[in-house]
Every structure is written in C-alpha cells, then in structure tokens.
Amino acid sequence: MKLYIKLAWRNIMRNKRRTIIAGLALGIGLASLIYTDALWIGLEDNMIASATSSFLGEGQINREGFRRTFEAELTINDLDSVMARLSREPEVEHFTERVLGLGMISSPANISSISMVGIDPATEPPLSQIDEALTEGKYLSGDNPRDLLIGRKLAELLEVELGDRVVLTVAEAHTGELSQEMFRVSGIFFFNVAEMDQSMAFVQLNQARKMLGIEGQAHQIAIDFTHRDIGRDRKNPFWARYSTDGNEAAGWVVLLPQLEGVFEMSQFSTLLLGIVLFAVVALVIINSLFMSLYERMFEFGVLRALGTRPLSMGRLIVLEAGALAVISIVLGALLCLAALLITDHYGIDYGGIEFAGVTFRDLLYPVVEPSQFIVYPVAVFLFTLLIALYPAAYAARLKPAEAMRRSF
Amino acid sequence: MIRIWTTTGLVVLLCVVAVRAQLKKSGDPLVDSLVNEVDRLYRSSSSYAEMEMEIVTPHWQRTLKMDAWSEGMDKTFIRINEPLKEKGVTTLRIDNEMWNYLPKTDKVMKIPPSMMMGSWMGSDFTNDDLVKESSFFDDYSYELIPSDSGDENLYYINCIPRPDLAVVWGNIVIGVEKDTRLPVWQRYYDEKKELMRVMTYSDVRTFDGRTLPATMAMVPTTKEGHKTVIRYTVAKFDIKLDKDIFSLRNLQSGQ
Amino acid sequence: MLTFRIAARNVFRQKRRTLLTVLTMMGGFTLASISIAFSDGSYANIISTFTRTQMGHIQIHGKGYLDRPTLYNTIDDYETVGAAIDSVAGVIAWSPRVYSAGLGSVGEKTTAVRIVGIDPEREETATRFDKKIISGKSFMPGATHRTILGKGLAIVLKAGPGDTLVVVSQGADGSIANDAYEIIGTAETGDEVGDQNTMYLSLTDAQDLLVLYGRAHEMVVIVDNLDDVLDLADQIQALPALQKYDVSPWQKFAASFYTAMQADRQGTWIMLGIIVLIVSVGVLNTVLMTVLERRREYGVLRAIGVRPGQVVRLVLYEVAAMDVVAVLFGAVVSLGVNYWLSRTGIDMAQAFTYGGMEFKTMYSEVNLQSFTIPAITVTAAALLVSVIPALKAARTAPAKAMRTH
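Residues numbered from 1 in each chain as written. Chains lettered and ligands numbered in written order. Predicted model: local features only at pLDDT ≥ 70, side-chain atom pairs only at ≥ 80, totals over all residues. Heavy atoms only, no water.

Caption draft 1: Here's a closer look at the overall build of chain B. What chain B contains, in helices and strands, is five helices and 13 strands. Considering only intrachain contacts with a sequence separation of at least 6, the fraction spanning at least 24 residues in chain B is 47%. When the accessible area of chain B is evaluated, it comes to approximately 12800 Å², of which 55% is carbon and sulfur surface. (Helix = DSSP H or I, 4+ residues; strand = E, 2+ residues; numbered from the N terminus. Contact = heavy atoms within 4.5 Å. Areas by Shrake-Rupley, 256 points an atom, 1.4 Å probe, with all protein chains shown as cover.)

This is the structure we're talking about:
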C-alpha cells in the first residue's frame, strides 16, 4: 500500500501544471463553500444581534394576544409575581418592563402615527440600544416626566428640535377616552432602522401608564439571557414556564418568524452551492484523471502486461485522486483563510438595507467554526475518491496490448 | 356663639387675604392695581363677548367666530360658531380643569395641565391665554422696571411666574400706557431671556361702559409668517348668567 | 473551409473526452441560465406585484415629500397634472391619494389609524381596489361619510360593515379634524402591515376632513410595460405641468428594495465567476491534453507549410464547435427548466416580505439574457483559455515534434 501511495504522489507531480490547475479549481470550489458557510453564519449572527439588541430583546413576555392587536387593555397578568420570579432565574441576565400604546404625535407642523413606549430608564439600557443611538440630547433619567425621545426621521417630519414641544395622544384602556399630554423632546436618536426612527417615541414608564390609565401594569417584559441559544430554542422549558396565566413567553425565533425563514434559506443556499460545487468537482476530477490516463496509456499497458492486477490499477488511480484532493484541500484552505481574514478586517457593509424584516446596522463579518474546516474538506476528499472510481474502473479494465498500441 | 365663630372666621379670612396680598405686593399700590386691571381687562364678575379670531400661518389662514362667557376668574366657556366646519366646538374651563368638545363626533377631550401651554385650536394663543387659568396678580411677582427704549409714556412692568407655575415663560413684560392705564403690549420671554412672542393691543373702544382695546394681536418671534388676531365685536359685563353655562352638560349640548 | 472540416472531424476523434468537455461547458451554461432566469423571474414577479397592486410604477409628489411626508406638501392641481400625464404614450392610468394619520374609534375601541383618501373609480382602474374588498362593498359614487377598513384594523377595532368609526386628526388649517363614518366594507390589499391600521375614505371625504380641498399628496401612475418605467418617468418629469413636482419611478420610491436587489444581484456575478473558472479548467485540461497528444501531427502540418495562424484557428475551431454544441443543448435543457419553473415556481420555506406583502412562491421566467449572458460567458471563457495551448501548437518546431513518439 505504501508503495502505491508513493507512486500516486509521484504520478500527479509529474505534470505539475495540470495538477496545480486542477488543484486550484477544486481548491477554489472548496474555499467558496467554506467562505459562503462562514458568511451565512455571520449573517445570521448579525441579523439576530440587530434584531434583538436594538430593542426586541432575546425574548419577551406579553399577555396572550397582545402582539397581534396591541390593545392597551392586554396587560401582563400578575406582573409583580412574574417580575419577582424572573429576578430569581439564573438564566435571565437582564429584564425590563415596558408599556406600549398606539397613538398620535403632533407638532404645529405635522401629525404622525406613533408607538408610545414607556420605559424604565434604570433597567432598560442593557436591553436596548436607545441610549447608544442618541445623537442629541440625553437619555431619560427619571427626573422629568415630560421628557421624550424620538427618532431623527420623526423629528424632521414634525419639524422639531431638542427642547421643542410635541403632543402625544393615545386612547385610555377600557374607556377609549382620548388622553393627551404635552412632552418636550429631550433626546433624538438614530437607529438607521426605519420603524424605530420614524414611529417610536420613548417616555417615562409611569407617564405612559398614566396616559393609558393602567397604573402599575405593563404590556411587555423584554429579557436577555445568559446563553444566546435560549432565544432560538422553541422547546426550552423557560418558555413553557412563563406562558401561564394568560401570558405568553416567546423567544426571538417566534417573535421574528421571518428570521427563521432566512436561516432555512441559508441552509438551502449552502446546500445548493454544495451540490453545484460537487458537480464541478466531479467534472474536474474526471477531466483531470482521464487526461492523465490518456497520457500514460502506454505506461499502463506496460504495467498490465507486467502482471499488475486490475484492482491495483484501480487503486492507483483512486489514490492519485486522493492526492489531488489533498493538494486541493490545502490550497483551498489557504485561499479561504486569506479571504476570511480580509473580510474580517474590513467587514461587509449592508447598513440600512432591510431584509426579512430586519435592518442591517453593524458590519457583516464571516464567522469561522472549526467544523467548517473539517467537515467540508473531508466531504470533498471522500467525494473525490468516489468519483475517481469511474476512471479507476476504466484503468482497471485496460487490455495491455490495446493500451500500448493506443499510445503515441 | 355663632357670632363669635363668624367674626373669627372673618378675621381669619381678612388675615389670609392680607397675607396673600403681602406676598404679591410689589410694595407699590400703583403697580398692584395696574396688574390687577390687566388681569381683569376683559373679565368681571361675569361677562359675555362675541369675537373673531384670525389665524395666519405660512400654510393656511382661517377666521373663527365665537361666543365666550366668563364668571370671575375661575370659569370660562367658549363656543365656536363659524366656520361651519367647526361650528359647535366648545371649550370649558372650571378652576384648573379644562375640556374641549367636538360635536361632529361627540367627543369630550380633557386637556391636562401639561397642555396649557399648547396652542388653542391651532392659533398662536395658548390654552392658558384663552381660558385665563393663570393670572398675573395671583401667580406672578411683579415690579416696575425702567423702559428700555426711553418711552416715557409707558409703564414697564416685569412679571416673573412663581416657581411651580406650569408655564414656559421666564418673565413677561407688560407695557401699560400711563394716561389710559391700558396695556399696549406684552412681551413674553423664555427662561433664557429670549423674546418668544409679542402681544399687541390696539383699537381702543368702549364696550358696555368699559374702555378697552378691541384688538389683540399675537405674533411669535420664533416662527416666520405666523400671526393670530382676536377682535372683540361685542362685550357685556356683569350680566346675569345662567348657572348651567359652565357645565359639562352645556359643553356637549351643541346648541 | 478545410480548417472547419478538419476541426469538426477532430472533435469526434476522442469521443469520451469531447463528451466530458461538452458536458462541462453545458453544465456551466445551464447552471448560469437557470439561476439568472430564476433571479430575474422572482424579482420581476415581486416588483410587478407591489407596483401593480399598491404602489404603482411611478409616483408623483410635491418636492421633497418622499423624504419628508408632511400634510401640507401637496399637489394642488392634480387634474391638470393628470391630463398631462395621460398624454404620454405608455401610461395606462393614474390615481390621486391623500394621506394622514389620526386616532380612530369604534365604540370604546380606539387605535392609531392611517387615513388614505382614494378616488374610487381611478383606484379601481389603477390598482384594482374593488378586487381587494373582502366583506361589504366598495365606495359608491356620490356617497359620503363612508369608510372601508383594512382587514387587520377591523379586527383590532372589532368592527365590521354597519358600525360607525369616529376619527380625530389635525386639519391642514390647524383645526381639529374630526368626523364620523359608516363602515361599508373591509379590504385585504396584500399589505398585511398596512391593513392593520389603514382606513380608506373617498378622496372628497378625506379632503373635507383634512381641509385639503382640491389637493392630493400623491399620484400613482400605472404604465403598460415595466421595462419602460425609467424612460417614462423621465418623460413625465419633463412635462411643463410637472415642473414643481417630483416624479419617482419605483426604483426611487422603493429604494430600499431596489438597493437590496442590486446587492443580491452582485451574487450573480460571483456565480458567473465560479462558472468561468470551472469551464476554463475543464476546457484547458482537454485542449492542452489534445494539443500535447497531437504534437506530431502539428509538426507534420507545419512541415508541409501550414501557417501558425491556421494552426491556431484549427485548435480554436474545435473548441468553438464543442462550445456551440454545449450551448445549444444547454439552451434546450435550461429553456425547458426555466419554462417549467416559470409556471410552477418554487415554494419558499419562509415567505419573502416586502412592503408588507408576502411572497411565498418564486417564479422563474424565460428571457433573453438568461441565454445570452451564459452563452457569452462560457464561450469567452472556453476560447480565451484555449488560446494558450493553441499558440503552443502553432509554435511547434516541425522536426522536433515529428521525432516525438
């Protein structure tokens, strides 16, 4: 066996140019596969982070049905006991309560639909990036109930600046009575996410409660966990534990179903690419091996004539393919690493583009997992060996006399 | 026995009034009465007025015609009659509560204290201006200041709101004509001493025995092309008023 | 001429090798063709849907409105503008709209609403509004104080035809806009998000409510051919009546989608690059092999006086012949697949949403560029890569070559 391996290596090294070219082709194919995979993972992470860290949180607890209609009456049942239990959960890193009301915001210049969000400035910062997204003014501090934060786009629409006054109008829960209050723009933020910059206004939790007539209650608890995967796992017991008494707890995977669609699409896409690449590999290998076969027809004829058994002939070819595969893998891995390093340094900017309901904010980086550099190369290697069986069979069935005559 | 209690009560009341008066007193009875008169210019124990309000902005222009009733300094009722689109829209203020009523949709909207500085019906006058919830005499401390333009015909009175008053003004300067004791203008400054708006009185006429300016023009200095002018066409004072005028029922009667 | 015949015969000398090379080229062609067709088809389908059913192909607004949609920025003479637009060939229909926001209530249920005023007849022609009604009926000419709710809004307000909706908003003259309307129907427009908070009024009712007599915020224009949109938009913008307004083709008002689409299209180039690579390697291998094999032949040819240029042509014609066959067969296969996919489509696991609309099935389409781009790419790659071996063949020194065995 060792003899054959040595032979195989030497054989493919005989025509360096062809070996390098074939190796490169395969290598690029492999590199593409790994790179795409890394990019998709990076995309997933980026989108999850974008979606959850800007405001959504990794999971939420709402009253059943709230997320469908946003009715002010649907507040979380037993809020205090839920919050108390959450504070004792080891898996929960941070959580905060929020009040949401749909209404209108108006200034002398314009009027617009708004989602009024009452937040607790003390516990909100770990769960959303409002404080980081502020471009002017200050974050809510709890001192002034008249403070209000709006997005830059909305401020432009209303033609207001820091310090200007706006009126929020919402309808009280249960009665539907219109409730108006005047606020002062104390901060302007820019998320580069249309929905937030244009239609959200953040006020003190208690102000929102007062306006909606729901003292001591909340519509939503946003949660961040110690492990990132909990939000993605529908079956995690945490969700069942808190989906009781008319409340429902859900991770981002449920809150943003389109995101999951993206991931399925990414798997589909990688699969497709894999199939394409394997087709490519097949063609290139066959091409290469047959070329080298034809070249050495006379040799093979002699080998057979000398008594080499068909199986051994076949084995030789397969081993040559294996050697080629190894070279390709090395080349491919190096190429891929180079590409990954460059991309990792610069990042890909999709900022502002919206995809599957999530807007890209941070730069996109590929995510390398060690498995990628093991699974894919091994797959390519095995597949190469498999494909090599075809020319190997051909070589095995060569009749010595014919072979020697077919040479030139 | 009853007499003792009544007397005590009266004495206490007098003291309270005296003390309150002490707080507001600028030390100059002239200024006190001037300020009081400005407050009560269009009001009395009761009053009825018909006026029109012309609102001008760069985008639109409209003229409202309305009737207004008031009782003392505590109650105000305004009903819009024209244009047809806004006919029957009413505003009611009792003490420190205020409501708007929209007849077309039968909606009563309570105006919270925070909205007092908000615009009334899109004009340059605030809710507070129209319903007179705050008064210079009760809610501000005031003093005479020298005129800045050397105008010898006017008293300049500087009014500073008491700290907890929910207004956005840092101070308001009233220019009162010395001989007629009628205000000529009011200048509103914000907390940073910037001039925010100017109200100008003009067209002095006699209504029901009283001499007062029939026209008030409010011009904000921070926005271009905005102006609101109120013109009194009818004003009656100390008339008999139906008790039920200042009620939520009347607000919604849409008559 | 002789060169052709020799080339043609050469192709059949090594059947298996030729077959493999042809297969490689065909594979590259088919792959490129199918993916271009699918990408083009999907996007065309999405664009056609959201423009035709909602947003129109071209929109007209007051200057700056797209960026900052204020109540006051209106088209004050939309009838005149409309008449001018009608004169442009290729325009099928236009429809004016009024937009605002407010609070709507049915009984005690109140929520934020988006108010959309439409001209029922024009909207019917332009975006088939009548087809979107799912309960009750559409607007009748002349009837006032009627409203149609989006599907989701009706659910939130727990209301239906026959109920009364009260709206509070801000008029353009600063007054408090408020009025009551009878709900006569509910609509499903395809825009799930929009349907959850939109209430439709007749244009005159909306103008009344918001004090915007004779004015509109937007005019939606429908053209007969999607490909002409950019050109027609320019023509319309050039009309004198449109001087003070902004004319935006869908590429502008749906800019976020357009940018995303462009970004996605970059991917096609990368795919083509990979295919070029594969085809090149496949072809290079073959041609190099062949040239090396026939060294002796080339030596003889050169010896008898065949010029280097002719030798090069000989090699290249062979490649070209294989290429033609590959492209032809590839075209047949991809045509079949593309056509089938354009009819059947592929169901996506999770629908793609844009503008509130869900697209679950992606359709391919049969178009010219799904043939030309792959054809050119494969052919160019094959020929370019064959130049090197061809030149090598042409430069064979006759004596040396003939001495090889």
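We are not done yet, so read on.
Caption draft 2: Just the interface of chain C and chain A, in detail. Counting from both sides, the interface comprises 50 residues of chain C and, opposite them, 55 residues of chain A. In total, about 4500 Å² of surface goes out of reach between chain C and chain A, with carbon and sulfur atoms giving 65% of it. Counting the contacts that link chain C with chain A gives four salt bridges. K109(C) serves as the salt-bridge partner of E71(A), at 2.8 Å between the closest nitrogen and oxygen. Inspection of the chain C/chain A interface yields nine residue pairs in polar contact (both at pLDDT 80 or more). Residue assignment for the side of chain C that touches chain A shows that the elements contributing at least two residues are α2 (15–55), β2 (91–106), β3 (109–118), β6 (164–170), α10 (255–293) and β11 (346–354) of chain C. Looking at which element gives the most residues to the side of chain C that touches chain A, the answer is α10(C), with 15 residues. (Buried area = accessible area lost by both parts, 1.4 Å probe. Salt bridge = Lys/Arg side-chain N within 4 Å of Asp/Glu carboxyl O. Polar contact = N/O pair within 3.5 Å; in protein donor to acceptor, adjacent residues only side chain to side chain.)

Caption draft 3: Highlighting the environment of T290(C). Residue and element names in this part refer to chain C. Within the secondary structure, T290 sits in helix α10. Of the residues examined, T290 reaches a relative accessible area of 7% and is grouped as buried. Along the backbone, T290 and Q235 are 55 residues apart, and their C-alpha atoms lie at a distance of 57 Å. Ignoring anything within four residues of it in the chain, the contact list for T290 reads R17 and E318. (Buried < 20%, exposed > 50% of the residue type's maximum accessible area, 1.4 Å probe, protein only.)

Caption draft 4: Just the interface of chain C and chain B, in detail. Contact residues are listed per partner, giving 17 residues for chain C and 11 residues for chain B. With both chains or domains summed, chain C and chain B bury close to 1300 Å², and 62% of this area falls on carbon and sulfur atoms. On the chain C side of the contact with chain B, D173(C), I176(C) and N178(C) bury the most area, a combined 40% of that side's loss. At the surface where chain C touches chain B, the tally comes to two salt bridges. Taking the shortest distance from any N to any O, the salt bridge between D173(C) and R62(B) comes out at 3.8 Å. Seen at the junction of chain C and chain B, the total is five residue pairs in polar contact (both at pLDDT 80 or more). Going through the elements one at a time, β6, β7 (176–187) and α7 (203–210) of chain C are the ones with two or more residues in the side of chain C that touches chain B. The element best represented in the side of chain C that touches chain B is β7(C), accounting for four residues. Grouping the constituent residues of the side of chain C that touches chain B by class yields 10 nonpolar, four polar and three charged. (Nonpolar A, V, L, I, M, F, W, Y, C, P; charged D, E, K, R; others polar.)

Caption draft 5: How the structure looks around the side chain of S169(C). Mapped onto the elements, S169(C) comes out in strand β6. Looking at S169(C), its side chain comes within polar contact range of the main-chain oxygen of A101(C), at 2.7 Å. Beyond its immediate sequence surroundings of up to four residues, S169(C) is in contact with M104(A), I111(A), S100(C), A101(C), G102(C), I115(C), S175(C), I176(C), A177(C) and L210(C).

Caption draft 6: Structural detail: the pattern of salt bridges. Under the defined criterion, the tally for this structure stands at 35 salt bridges over all chains. Across the salt bridge formed by E181(A) and R146(A), the nearest N and O atoms sit 3.3 Å from each other. With E181(A) in strand β7 (residues 178–189) and R146(A) in the loop between β4 (134–137) and β5 (147–151), this pair connects stretches of sequence that are 35 residues apart. A relative accessible area of 9% means that E181(A) is categorised as buried. Between D130(C) and K131(C) there is a salt bridge, and its shortest N-O distance comes to 3.9 Å. On the accessibility criterion, K131(C) (66% relative accessible area) is exposed.

Geometric values such as these leave the question of function open.
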